Amino acid sequence: MNSDEFNDRAAQAAAVGCAALVDAMGRHHSHRAHLPPFSSPDPTRPLFGPVSTIAYLPFRDDLPQADKGFADLFYEALGSEPQGRVLVLSSGGYPAISHGGGTKLSRGVTQQIAGVLADGLLRDFDELRTYPFATWCRGEATRWGGDTVMPFAADVAVEIAGVTVQPGDYVYADTSGAVVIPAASIDEVLAEAHKVDADDAAFVAQIRSERPEDFLA
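Definitions and limits used
Every chain begins its residue count from 1, and numbering advances along the sequence as written. Residue-level local features of this predicted model are given only where pLDDT is at least 70; pairs of side-chain atoms are given and counted only at 80 or more, and the full residue set underlies all totals for whole chains, interfaces and linings. As a rule here, side-chain values come from all non-hydrogen atoms in the structure, and water together with hydrogens is ignored. Buried means the residue's accessible area, taken with a 1.4 Å probe over protein chains only, is under 20% of the maximum for its type, while exposed means over 50%, and partly exposed covers the values in between. The way it works is that DSSP assigns letters per residue, a run of H or I at least four long becomes a helix, a run of E at least two long becomes a strand, and they are numbered from the N terminus. In this scheme, strands are said to pair when DSSP sees at least two bridges between them. The arc under discussion is defined with respect to the helix axis, by the directions toward the C-beta atoms. In what follows, a contact means two residues having at least one pair of non-hydrogen atoms within 4.5 Å. Put simply, a nonpolar core is a bunch of buried Ala, Val, Leu, Ile, Met, Phe, Trp, Tyr and Cys residues held in one set by side-chain atoms that sit within 4.5 Å of each other.

Student: I keep staring at the pairing of strand β12 (residues 177-181) and nothing clicks. Help me out?
Tutor: Regular strands have side chains that alternate between both faces of the sheet. Across the five residues that make up β12, a large majority, five, are buried. Burial along β12 is two-sided: Gly177, Val179 and Ile181 facing one way and Ala178 and Val180 facing the other are all buried. In terms of strand pairing, strand β1 (residues 34-35) meets β12 through two bridges, oriented antiparallel. Bridging across to β12, leucine 35 finds its partner in alanine 178.

Put into structure tokens, the structure is as follows:
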């Protein structure tokens, strides 16, 4: 995907917003795709892009995979073309525990990612706010969480708030919530979301022309 194509899709998603995208997904797919509202160091910045994943699990010190740190899985997840991607971190069953912070996620600056969606807390909101990518998560933490959850696998399907997210999916998030869109459906869903907006505008016009007496007869 070239940058012009990405920028066009991002602009389309931001123009319609999360609610229209959720409605559009419902017209094309029967599975759950919407996520609840997340927090952000800068809620004015929506999040959009193709997904790379890191799966978290409850911490265990006896697993060989526990030797892999966040950096190993970060680069494994993003691969050779990290620009414009969204790094999705699963909760590992602990959405109220820190999954990282400004120091670890500063790698996203040099890798030019589009953003981070964490199904857990993140530290250092003041620092994250200065980064050029969007960040959305369950809220801000102060305590390190590495003794509770650990990054375990990269580039695998994960579960976020009851929704399956697989690498390559698209995710959009703003203050009203988030939605996960299969890559094969992204253009159809974006087009459908614009139809949803047009339908809503037509309904509003119809409602404004209503007369109370027509409903009270």
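Student: Hey, could you run me through helix α2 (residues 70-78) in this one?
Tutor: For an α-helix, 3.6 residues make a turn, and residues three or four places apart therefore share a direction. Residues of α2 that are buried include every one of Phe70, Leu73, Phe74, Ala77 and Leu78, and no others. One side of α2 carries all its buried residues, which in axial view fall inside an arc of 120°. Along its buried surface, α2 packs onto β2 (47-58), β3 (86-89), α3 (102-105), α4 (107-110) and β8 (149-154).

Student: What is the right way to read the nonpolar core from this model?
Tutor: Side chains of nonpolar character tend, in soluble globular proteins, to be buried together. Among the nonpolar cores identified, the biggest contains 39 residues, and Leu21, Leu35, Leu117, Val179 and Ile181 are the most heavily contacted of them. It is helix α1 (residues 3-28) that contributes the most residues to this core, eight residues altogether. If sequence neighbours within four positions are ignored, leucine 35 has contacts with Leu117, Ile160, Ala161, Val163, Gly177, Ala178 and Val180. Ala77, Leu89, Leu105 and Ala154 belong to the second-largest nonpolar core, a separate cluster that totals 21 residues.

Student: For this particular structure, what's the right way to read the environment of proline 41?
Tutor: Mapping proline 41 onto the fold places it in the loop between β1 and β2. Here the alpha-carbon distance between proline 41 and glycine 139, two residues 98 residues apart in the chain, equals 8.8 Å. In contact with proline 41, other than residues within four places in its own chain, are Phe125, Leu128, Arg129 and Thr135.

Student: Just checking my understanding: could you explain the environment of arginine 45 for this structure?
Tutor: On the secondary structure map, arginine 45 appears in the loop between β1 and β2. We classify arginine 45 as partly exposed; its relative accessible area is 22%. The sequence separation of arginine 45 and alanine 183 amounts to 138 residues, and the corresponding C-alpha distance is 22 Å. With residues up to four places along the chain from it excluded, the contact list for arginine 45 reads Leu128, Arg129, Tyr131, Pro132, Phe133, Ala134 and Trp136.

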